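One letter stands for each residue in the lines below.
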Amino acid sequence: MAELQSRPLLETLNRHGVRFIVIGAVAAIAQGYPLTTQDLDVTPTRDPQNLERIAAALRELEAELRVTGGDSAPFPIDARFLAEAESWTLVTKFGDLDLVGMPPGTRGFDDLNRDAIDVDLGDGLMVRMASLRDVIRMKEASNRVKDQAQLPALRQTLEVVRRREQKK
């Protein structure tokens with residue numbers, strides 16, 4: 001498993017014109033959340049053109065399916081195959097990438113896009129990220145132990161951001 005390098009993953013998705021929103025810990029970290037993560041989670045639009053762009057980006061990223069035990073397995077990377085499932089857990093040359101069509105507690109891309117923010121990661125890399133409120137909503141809905149453990153720090157980060165916004 002390659003160590004997560006989120007910037008080259010995001011650059012590749014952007015270069016291929018993929019429409020997506022970063023969700024999960026990377027979105028929270030970009031907004032001040034004080035922890036780390038091992039993967040990049042994104043919610044892409046699922047229209048046929050975007051699935052074609054995703055497939056091209058995944059081929060460049062040398063993506064393979066992430067399977068139990070930390071192994072990976074090649075799979076046919078094409079838009080039709082990607083359309084067959086709501087989510088994909090992948091290994092790439094820049095670390096783990098999860099494509100999540102319908103994150104828990106949401107109705108997918110359009111739902112998340114309403115409250116998403118554009119984050120400038122420097123050197124011209126602009127990325128759409130889920131709001132902290134939506135990250136919290138997803139973690140609450142997933143009800144996984146690891147997500148429940150992150151909720152207090154996420155809520156504290158949201159409060160810090162709210163206070164900072166009120167001072168502006």
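In short, a report on the structure. What you see is a predicted model; the values in this text were computed from it and never measured.

1. Looking at unusual backbone geometry
Residue Asp123 is not a glycine yet carries a positive backbone phi of 55 degrees. Mapped onto the elements of the fold, Asp123 is located in the loop between β7 (117-120) and β8 (126-129). The backbone of Asn143 sits at a positive phi, close to 55 degrees, despite the residue not being glycine. With respect to the helices and strands, Asn143 occurs in the loop between α6 (132-142) and α7 (145-167). By relative accessible area, which is 55% here, Asn143 ends up exposed.

2. Let's talk about the packing of aromatic side chains
For the structure on display, the rule yields three aromatic pairs. Between the aromatic rings of Phe75 and Phe81, the centroid separation amounts to 6.0 Å while the plane-to-plane angle is 40 degrees, which identifies the pairing as tilted. Note on Phe81: relative accessible area 31%, which makes it partly exposed. Ring-pair connections join several aromatic residues into one group, and the members of that group are Phe75, Phe81 and Trp88.

Cut-offs used in this document
Residues numbered from 1 in each chain as written. Predicted model: local features only at pLDDT ≥ 70, side-chain atom pairs only at ≥ 80, totals over all residues. Heavy atoms only, no water. Helix = DSSP H or I, 4+ residues; strand = E, 2+ residues; numbered from the N terminus. Buried < 20%, exposed > 50% of the residue type's maximum accessible area, 1.4 Å probe, protein only. Phe/Tyr/Trp six-rings, centres within 6.5 Å; stacked < 30°, edge-to-face > 60°.

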